[in-house]
Amino acid sequence: MLRFDDLQLFVRTAETGSLSAAARLLDVSPAVASAALKRLEQQLQVRLLARSTRSLRLTPEGELYLVHARLALQSLEEGRQQLVGSQEGICGVLQLSAPSDLGRNTLLPWLDAFQDEHPQLQLRLLLADRVTDLFREPVDIALRYGAPEDSSLVALPVAPDNRRVLCASPSYIAQHGSPQSVEELHQHNCLLYMLHGRAYDRWHFQDGKREVLMNVAGDRVCDDADVTRRWAVAGRGVVYKSWLDVAEDVREGRLQVLLPNWLGEPTPLYLVCAHRAQLSKAVHLLREFVQLRCQRLLDAAPWR
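Bear in mind that the values here come from a model prediction, so they are computed numbers and not experimental data. (Residues numbered from 1 in each chain as written. Predicted model: local features only at pLDDT ≥ 70, side-chain atom pairs only at ≥ 80, totals over all residues. Heavy atoms only, no water.)

Asker: Give a detailed account of the overall build of the protein, specifying residues and quantitative values.
Answerer: Helix and strand counts for the protein stand at 9 helices and 16 strands. Taking 2.2 N^0.38 as the reference for a compact globule, 304 residues should give roughly 19 Å; the C-alpha atoms of the protein span a radius of gyration of 28 Å, well beyond that estimate. Along the longest, intermediate and shortest principal axes, the C-alpha atoms of the protein span 90 × 40 × 30 Å. Here the protein holds 304 residues, and the buried ones make up 42% of them. Long-range contacts, defined here as pairs at least 24 residues apart, represent 72% of the contacts in the protein between residues at least 6 apart. (Helix = DSSP H or I, 4+ residues; strand = E, 2+ residues; numbered from the N terminus. Rg over C-alpha atoms; globule rule 2.2 N^0.38 Å. Buried < 20%, exposed > 50% of the residue type's maximum accessible area, 1.4 Å probe, protein only. Contact = heavy atoms within 4.5 Å.)

Written as structure tokens, this is what we have:
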């Protein structure tokens, strides 16, 4: 069985280019270091380092194995840090990106409660409807609607059963009536959301096996999803939104669900990050916290 200290000795020797220097860093004698290296080579049945009285260099096999040895040591260190973290309260800075509407109207009070439970944790919140570049921007994790197209990203489901719903305010319905079919949406002012310069004017509905894709139009378009919700609450038209974004408005009577027998487009919510190493204890706790509250909203969804 490979020994942790043998792997560590090999990596330090490769990094310093000297067996004696590696021995000093690890506080062992040169004889112990030499024995560790020989033991590792014997177990692998391959020569890792070419040594002479004056020089030391990696063999081709040693260069190949160095990559795996480093990853193994990194994984062990991450495991140690998680064990330490599990015995302590979470702290540090958590950088989170979320959609504008979900962030402002649903997530903010949840984050207040989460931070009250973990007062040592600092939050940095970025609200944006555009897709955040998790590799370039100062963000640890993101809440996103829909599975990411980039398969290299790590995506954990938070609200996989979420859907869009059709809504309007009581004042709009009193003035313009309520559509009795999806086809009647052509007679209504539909409030549109725009992303990357494109308005989402094709609304998808399902009634049993029947699927309908409606091309809709209206007199207002915005690239901020929260604004379209606010327009709807103000009685300016019909809106097609994620249930998580409008559940509280429906509960408080500011909006009413239209055509509840038609299923809206699936809009699952995911927690996304660039690397699994970013799935810290704080991230897992936040995911569980948000997941529980999302489920409470989904339990009251009109398709239940």
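Asker: Can you break down the domain arrangement of the protein residue by residue, with the values?
Answerer: The domains assigned to the protein are domain 1 (4–81), domain 2 (87–157 + 268–300) and domain 3 (164–264). In this structure, domain 1 and domain 3 have C-alpha centres spaced 63 Å apart. (Domains from an automatic or database assignment.)

Asker: Can you lay out the environment of Gly 197 for me, pointing to particular residues and giving the numbers?
Answerer: Mapped onto the fold, Gly 197 is located in the loop between strand 8 (192–195) and strand 9 (198–199). Taking the C-alpha atoms as reference, Gly 197 lies 9.8 Å from Cys 222; in sequence the two are 25 residues apart.

Asker: With reference to specific residues and values, describe the pattern of salt bridges.
Answerer: Proximity of charged atoms lets side chains of opposite charge pair with each other. Following the criterion strictly, the structure yields 18 salt bridges and no others. Between Arg 230 and Asp 226 there is a salt bridge, and its shortest N-O distance comes to 2.8 Å. Here Arg 230 and its partner Asp 226 are both found in helix 7 (residues 225–233), 4 residues apart, which amounts to about one turn of the helix. Given a relative accessible area of 47%, Arg 230 falls into the partly exposed group. Asp 226 gets classed as buried once you look at its relative accessible area, which sits at 2%. One connected set of salt bridges, linked through shared partners, spans Asp 101, Arg 104, Asp 224, Asp 226, Arg 229, Arg 230, Lys 241, Asp 245, Asp 249 and Arg 254. (Salt bridge = Lys/Arg side-chain N within 4 Å of Asp/Glu carboxyl O.)

Asker: So what's going on with the state of the cysteines? Which residues, and what values?
Answerer: Scanning the entire structure with this criterion turns up 0 disulfides. Take Cys 273: it sits in no disulfide, and the sulfur closest to it among the cysteines is that of Cys 294, at 17 Å. Looking at the unpaired Cys 294, the closest cysteine sulfur is the one in Cys 167, lying at 17 Å. (Disulfide = S-S within 2.5 Å.)

Asker: Now, about the sheet that holds strand 12 (residues 221–222): what can you tell me, with residues and values included?
Answerer: Strand pairing in a sheet relies on backbone hydrogen bonds. The paired strands run either parallel or antiparallel. Taking strand neighbours across the sheet as the criterion, the 3 strands line up as 9-8-12 in an open arrangement whose pairing is mixed. Across the chains shown, the open sheet's two edge strands, defined by having one partner strand only, are strand 9 and strand 12. Pairing of strand 8 with strand 12 involves 2 bridges; the strand directions are parallel. In the strand pairing of strand 12, Tyr 193 is matched with Cys 222. (Pairing = 2+ DSSP bridges.)

Asker: So, the packing of helix 5 (residues 100–117) against helix 7: which residues are in play, and what are the values?
Answerer: Packing of helix 5 against helix 7 leaves a shortest axis separation of 6 Å and a crossing angle of 60°. The angle between the axes of helix 5 and helix 7 places the two elements in the oblique class. Across the interface between the two elements, Ser 100, Asp 101, Arg 104 and Asn 105 from helix 5 touch Ala 225, Asp 226, Arg 229 and Arg 230 from helix 7. The class makeup of the residues in the contact of helix 5 with helix 7 is 1 nonpolar, 2 polar and 5 charged. (Axes fitted to C-alpha atoms, helices over the stretch in contact; angles between N-to-C directions. Parallel < 35°, antiparallel > 145°, perpendicular 65-115°, else oblique. Nonpolar A, V, L, I, M, F, W, Y, C, P; charged D, E, K, R; others polar.)

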